[in-house]
Amino acid sequence: MASRKYFGTDGVRGEVGVAPITPDFIMRLGHATGRVLKRHWKSNAHPAVLIGKDTRVSGYMLEAALEAGLASAGVDVMLTGPLPTPAVAYLTRALRQAAGLVISASHNPFQDNGIKFFNSDGDKLSDDAELEIEAEFDAGIRCVPSSEIGKAKRLNDAQGRYVEFCKRAFPTELTLRGLKIVVDCAHGAAYQVTPAVFHELGADIVTIGAAPDGVNINKGVGALYPEYITEKVINHGADLGISVDGDADRLLVVDAKGKAYDGDQLVYIIAAHRAAQRQLHGGVVGTQMTNYGLERAFTDRGIPFARAKVGDRYILEILREKKWLIGGENSGHILCLDRHTTGDATIAALEVLCALVQKNQSLADASADVVLLPQHLINVRIDRASAWADKAQVKSTMADWEKKLAGKGRILLRPSGTEPVVRVMVEAEDEALARSGAEAIAAAVAA
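A short tour of the structure in this document, coming up. (Residues numbered from 1 in each chain as written. Predicted model: local features only at pLDDT ≥ 70, side-chain atom pairs only at ≥ 80, totals over all residues. Heavy atoms only, no water.)

Quick word on the packing of helix H8 (residues 263-276) against helix H11 (residues 345-359)
Phase 1: Between H8 and H11, the shortest axis-to-axis distance is 9 Å and the interhelical angle comes to 55°. It follows that H8 is oblique to H11 by the angle criterion. Here the hand of the crossing between H8 and H11 comes out left-handed. Residue-level contacts link Leu266, Ile269, Ile270, Ala272, His273, Arg274 and Ala276 of H8 to Ala348, Glu351, Val352, Cys354, Ala355, Gln358 and Lys359 of H11.
Phase 2: The residue makeup of the contact of H8 with H11, split by class, is nine nonpolar, two polar and three charged. (Axes fitted to C-alpha atoms, helices over the stretch in contact; angles between N-to-C directions. Helix = DSSP H or I, 4+ residues; strand = E, 2+ residues; numbered from the N terminus. Parallel < 35°, antiparallel > 145°, perpendicular 65-115°, else oblique. Left-handed = near helix turned anticlockwise from the far one by under 90°. Contact = heavy atoms within 4.5 Å. Nonpolar A, V, L, I, M, F, W, Y, C, P; charged D, E, K, R; others polar.)

Have a look at this one:
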């Protein structure tokens, strides 16, 4: 298969004002996407595309460029304003749109932005679809006649629709009454919807990270900064803290003592509860980054486990192939395919809460069987054109550490699909050994 020039592991992403995240590129990308959609559209009416975004100031500019590109190809546009990425996936399917586009750089700082893509079923685009858009992109803009230009309108009830969708994932016989929950929205796309979901299910809510100003998204708040919500949970005497990232597809949960639980532990809580209820329907899919302690815990319970490449799209591929329902990454992307087509932090949090409420358990008790091995991760910045994997020093250092870790740990090196970095991860039963290995290999990559 041909390699993609513009698409990464989750759409197109980068620093705003630097190719490819420039207005002219995004307009051409919108036009190319529109051309491809019209090619496959079976109705005489214009295909329609839903566009959502997070709270970055650059979203205004990119939204206008994307809208212009799509309209010039003869595609109608429906704008939602700030809305979580999984909400766009849901509404794309519910409203029978030809595609859903999200203007977001997820957990990245506000200087970055990008475009995420969903097909009409609310799934991430296939590699073939992305390659078709790239081929159309290179053909340039060929505006349709004025009589065929697409129109745009705003979907005013998008947030309310999504709140009701999320609430349906929580059993009607259960309530969150009696629970005090701190919800950290990362000053991002979830700030108007995720707190409402838990409040309407009965919880006493303390909302933080819900004052976006265009530049504070993910800035010291959200799922990447557990210390922020930990402090708030303890100060407010809350039972739990729920933290999402800028586009609300990644989840972190904190207990009353301030202990944070990552995606591996949360996936275990969800899967173990479903297995006990005989509702798991198969096994669980993790990634190359999934802690071996989670795999071992599933093995002990007789739950099948498979690893995918890093990225929720690859988890989804294996889940679909095996006809399983539950998968996730330690970063907090969690999929529950009987609830949604894509990773959704709010729905994943409701799945965790369902397990805790039904069993009257704490997070610590529900995840006690998972003994995580120490992992040390270092991000090494590189030139995207760097042949770092071919360096003799990298190969020899890797070989040395694979011998040292034989039977006691594992090594993972992978380039990020969204940033110009190589992720060096070493996992070992001894924390000092994991740190030393990661530092040595990272130094070799950076040399």
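That covers the picture; the talk isn't over yet.
Observations regarding the packing of aromatic side chains
Phase 1: Following the criterion strictly, the structure yields eight aromatic pairs and no others.
Phase 2: Both rings, one in Tyr6 and one in Phe25, keep their centres 5.2 Å apart while their planes meet at 70°; by these two values the pair is edge-to-face. Linking Tyr6 in the segment before strand S1 (12-15) with Phe25 in helix H1 (residues 23-40), this pair joins segments that are 19 residues apart in sequence.
Phase 3: Of the residues examined, Tyr6 reaches a relative accessible area of 24% and is grouped as partly exposed. (Phe/Tyr/Trp six-rings, centres within 6.5 Å; stacked < 30°, edge-to-face > 60°. Buried < 20%, exposed > 50% of the residue type's maximum accessible area, 1.4 Å probe, protein only.)

A look at the pattern of salt bridges
Phase 1: For the structure on display, the rule yields 27 salt bridges.
Phase 2: The partner of Arg39 in a salt bridge is Glu136, and the shortest N-O contact between them spans 2.2 Å. A residue pair is termed long-range when its members are at least 10 positions apart, and Arg39 in helix H1 and Glu136 in helix H4 (residues 127-137) qualify at 97 residues.
Phase 3: By relative accessible area, which is 45% here, Arg39 ends up partly exposed.
Phase 4: For Glu136, a relative accessible area of 8% puts it in the buried group.
Phase 5: In this structure, the salt-bridge partner of Arg274 is Glu351, at a minimum N-O distance of 3.1 Å. Note that Arg274 is positioned in helix H8 and Glu351 in helix H11, a separation of 77 residues in sequence. Note on accessibility: Arg274 and Glu351 belong to one class, buried. (Salt bridge = Lys/Arg side-chain N within 4 Å of Asp/Glu carboxyl O.)

A closer look at H8
Phase 1: The terminal C-alpha atoms of H8, which comprises 14 residues, lie 20 Å apart, in line with the 20 Å expected from a rise of 1.5 Å per residue.
Phase 2: Extensive coverage of H8 is indicated by the burial of 12 of its 14 residues.
Phase 3: Residues of H8 that are buried include every one of Gly263, Asp264, Gln265, Leu266, Val267, Tyr268, Ile269, Ile270, Ala271, Ala272, His273 and Arg274, and no others.
Phase 4: Directly beyond the C-terminal end of H8, a positive phi value near 60° is found at Arg278. (Expected span 1.5 Å × (residues − 1).)

Thoughts on the sheet that holds strand S9 (residues 240-244)
Phase 1: Pairing is mixed across the open sheet formed by five strands, whose spatial order is S8-S7-S9-S10-S11. Whereas interior strands pair on both sides, the edge strands pair on one side only; in this sheet they are strand S8 (204-208) and strand S11 (260-261).
Phase 2: As paired strands, strand S7 (residues 180-184) and S9 are joined by four bridges and run parallel to one another. In the strand pairing of S9, Val183 is matched with Ile242.
Phase 3: Packed onto the sheet, helix H7 (residues 226-236) meets S7, S8, S9, strand S10 (251-255) and S11 and runs at close to 150° relative to S7.
Phase 4: Set on the sheet, H11 makes contact with S7, S9 and S10; between it and S9 the angle comes to about 160°. (Pairing = 2+ DSSP bridges.)

Digging into the nonpolar core
The nonpolar side chains of a soluble globular protein tend to be buried with one another.
Phase 1: Core analysis: the largest hydrophobic core is formed by 80 residues, its most contacted members being Phe198, Leu266, Phe298, Leu350, Leu353 and Leu363.
Phase 2: A per-element tally of this core places H11 first, with 10 residues.
Phase 3: Apart from the residues within four sequence positions on either side, Phe298 is in contact with Val267, Tyr268, Ala271, Val284, Ile303 and Phe305. (Core = buried A, V, L, I, M, F, W, Y, C linked by side-chain atoms within 4.5 Å.)

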